[in-house]
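Now for the letters of each chain:
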Amino acid sequence: MKNKRVIWIVLDSVGIGAMPDADRFGDTGADTLGHIAEAYPDIRIPNLRSLGLGCIEGAAPAIGRVPKPIGVYGKAAEVSDGKDSVTGHWEMIGIRTKEPFQTFPDGFPDRIVNAFTEAAGIPGVLGNCVDSGTAIIQRLGREHEETGKPILYTSQDSVFQIAASEETFGLDRLYRICEIARAQLTGKDLMARVIARPFIRNPEGEGYVRTSNRHDYAIHPGEENLLAYLAEAGVPVISVGKINDLFSGCGIRKAYKTVNNPDGVNRTLEVMQDEKEGLIFTNLVEFDSTWGHRRDVRGYKEGLEYFDLRLPEIMEAMQEEDLLILTADHGCDPSYKGTDHTREYVPILLYGHGITPKDLGIRTSFADLGETVGQLFGVQHLPMGTAIKY
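Every chain is numbered independently, its residues counted from 1 as its sequence is written. Where totals are concerned, whole chains, interfaces and linings use all residues; where local detail is concerned, this predicted model gives features only for residues with pLDDT of at least 70, and gives and counts side-chain atom pairs only at 80 or more. Hydrogens are left out, water is left out, and the side-chain values use all remaining heavy atoms of the structure.

A. Spatial organisation of empty space enclosed by the protein. Lining residues are defined by having an atom within 4 Å of a point belonging to a cavity or pocket. Those points lie on a 1 Å grid over the protein atoms alone, cavities being sets where a 1.4 Å probe fits but cannot get out and pockets being open sets with protein on both sides within 12 Å along at least five of seven lines. Grid points are joined across faces, edges and corners, and a volume is the space filled by probe spheres set on the points. Under the definition given, this model contains one cavity of 30 Å³ or more. Taken as a whole, the largest cavity holds about 60 Å³ of empty space. For the largest cavity, the full set of lining residues is Leu11, Val14, Leu33, Leu48, Leu53, Leu304, Leu326, Thr327, Pro347 and Leu349. Split by residue class, the lining of the largest cavity holds nine nonpolar, one polar and no charged. Residue classes follow a fixed rule: Ala, Val, Leu, Ile, Met, Phe, Trp, Tyr, Cys and Pro count as nonpolar, while Asp, Glu, Lys and Arg count as charged, and any other residue, Gly among them, counts as polar.

B. Local environment of the side chain of threonine 282. Segments assigned H or I by DSSP are reported as helices when at least four residues long, segments assigned E as strands when at least two residues long, and all are numbered from the N terminus. As for its position among the elements, threonine 282 is in strand β11 (residues 278-284). For threonine 282, the side chain forms a polar contact with the side chain of threonine 268, separated by 2.9 Å. Beyond its immediate stretch of four places on either side in the chain, threonine 282 contacts Trp8, Ile9, Val10, Val240, Ile243, Gly264 and Thr268. Whenever a nitrogen or oxygen atom comes within 3.5 Å of another N or O atom, the pair is scored as a polar contact, on the condition that within protein one atom can donate a hydrogen and the other can accept it, and that pairs from neighbouring residues in sequence are kept only if both atoms are in side chains. Working rule for contacts: check all heavy atoms of both residues, and any pair within 4.5 Å makes them a contact.

C. Just the layout of surface pockets, in detail. By volume, the largest pocket amounts to about 550 Å³. Along its surface, the largest pocket is lined by 25 residues, and Arg197, Thr211, Arg214, Thr258 and Val259 are the ones closest to its centre. Elements with a contribution of two residues or more to the lining of the largest pocket: α5 (133-147), β6 (193-201), β7 (208-210) and α10 (286-292). Broken down by class, the residue content of the lining of the largest pocket amounts to six nonpolar, ten polar and nine charged. In this model, the second largest pocket occupies a volume close to 400 Å³. Lining the second largest pocket we find 23 residues, and of these Gly133, Ser155, Gln161, Arg197 and His293 sit closest to its centre. Counting residues per element, the ones that place at least two in the lining of the second largest pocket are α5, β5 (159-165), β6 and α10. Grouping the amino acids of the lining of the second largest pocket by side-chain chemistry returns five nonpolar, nine polar and nine charged.

D. Looking closely at the pattern of salt bridges. Salt bridge criterion: a side-chain nitrogen from Lys or Arg within 4 Å of a carboxyl oxygen from Asp or Glu. Per the stated rule, a full pass over the model turns up 21 salt bridges. A salt bridge links arginine 5 to aspartate 322; its shortest N-O distance comes to 2.6 Å. With arginine 5 in strand β1 (residues 5-11) and aspartate 322 in the loop between α11 (297-316) and β12 (323-327), this residue pair connects regions lying 317 residues apart in the sequence. For arginine 5, a relative accessible area of 0% corresponds to the buried category. The partner of arginine 111 in a salt bridge is aspartate 189, with the nearest N and O atoms 2.6 Å apart. Taken as a pair, arginine 111 in helix α4 (residues 110-120) and aspartate 189 in the loop between α6 (171-184) and β6 lie far apart in primary sequence, 78 residues in all. Given the relative accessible area of 44%, arginine 111 is considered partly exposed. A single network of salt bridges, built from pairs that share partners, joins Asp21, Arg24, Glu78, Asp81 and Arg343. Any residue under 20% of the maximum accessible area for its type is buried, any over 50% is exposed, and the rest in between are partly exposed; the area is computed with a 1.4 Å probe on protein chains only.

E. Inspection of the packing of aromatic side chains at higher detail. Any two rings among Phe, Tyr and Trp, with Trp reduced to its six-membered ring, count as a pair given centres within 6.5 Å; such a pair is stacked if its planes are under 30 degrees apart, edge-to-face if over 60, and tilted if neither. Scanning the model with the defined rule gives ten aromatic pairs in all. Relative to tyrosine 208, the ring of phenylalanine 199 lies with its centre 5.4 Å away and its plane at 80 degrees, an arrangement referred to as edge-to-face. Of the aromatic side chains, those joined through ring pairs into one cluster are Phe104, Phe108, Phe116 and Phe160. Geometrically, a charge over a ring is one whose NZ (Lys) or CZ (Arg) sits within 6 Å of the ring centre while staying within 35 degrees of the ring normal. When the ring centre of tyrosine 345 is taken as reference, the NZ or CZ atom of lysine 75 above it lies at 4.2 Å.

F. Expanded view of the nonpolar core. Nonpolar cores are built from buried Ala, Val, Leu, Ile, Met, Phe, Trp, Tyr and Cys residues. Side-chain atoms within 4.5 Å join them into one set. With 89 residues, the main nonpolar core has Trp8, Phe307 and Leu324 as its most contacted residues. Here this core gets seven residues from one element, more than from any other, and that element is α11. Counting 23 residues, the second largest nonpolar core, distinct from the first, contains Phe108, Ile122, Leu152 and Ala196.

G. Quick peek at helix α9 (residues 261-274). Over its 14 residues, α9 extends 20 Å from the first C-alpha to the last, a length consistent with the 20 Å expected when each residue adds 1.5 Å. Here α9 has its buried residues at Asn261, Gly264, Val265, Thr268, Leu269, Val271 and Met272. The buried residues of α9 all sit within an arc of 160 degrees when viewed along its axis, so they share a single face. Residues of α9 that are exposed and point over 90 degrees away from its buried face: Gln273 and Asp274. Structurally, α9 contributes buried residues whose contacts are with β1, β9 (237-240), β10 (254-256), β11, α10 and α11. N-cap assignment for α9: the residue whose side-chain oxygen lies 2.9 Å from the backbone N of aspartate 263 is asparagine 260. For a helix, the expected span equals 1.5 Å multiplied by the number of residues minus one. Note: the arc covers the axis-to-C-beta directions of the helix.

Below, the structure is given as structure tokens:
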């Protein structure tokens, strides 16, 4: 076993330029990192640059190159048919999604809604539309409290999102009806995730605010993947953020929820202190949920700067044989049209003590990362992916 520990951090939605097939997804010209750097040429990300972020083939010049990067750097294309979090994360661990999960950009048909409300024992739903999660609870929160009808909404992603008040509807009840929806959305209606979106009255003012008790119900990835192989080999996998939800707990030994990116970084550092071997797998979701989908270019830029500021803490906490992986699962260009994810390459940055800097060029699949991790821990080959040599 070459490495005793891998710290794998997914910067959710931090894409690095449109893929050749982006036109098929309506994403021609998208470039999450490039457009942020062009909008804010003074962006302060020296540590990401030092690892080679701006040296990646095809990276926008505005990201900024350094003459002597200290990391292994490159980018990866997605071969799966999709651009959502489940598809991207699953490909990382060796699962190719050949048919995209179902989406309902015009809201859910009566056959789905009626079956759900009957099985859940609820008087109906509110919304049933494409909307922002923070906006729809302001618009329908009071009616929800008065009627007991949960708020149902979706996006361009394959998500069935149910929002309800923790105070009047109850958190456990919300989780139960999400489990019912998860069991129903199969076959021709197979969706990647059902998401519980609890909220409360704003304790500091008007309206409502979402709580940290979000829970994602993804479909199970099966047993032919990196996480299952690691578990079988006795290698501990520690999840930070929504990783556990995205894989339905497959192969995860311990899981820690997080509230935001700072909490995710803090928890990762705590786990690094406590767990001296295995895979620490972190997702930092705010790039996507807080800034990408809401098309907040400035907020996204500040989020990148914050992570860059904290990155040295992670690097300094690494053991001699540790490997750090930084990547993303898709794009979500905050300067682009609409509010959807964008079909982009994802960056690959590797760092460790004694690593020789190297340009990886363009990798053909996100699964190359999973195969790399698998080989480091001596587990069997994944169904797809080629290990990175460094």
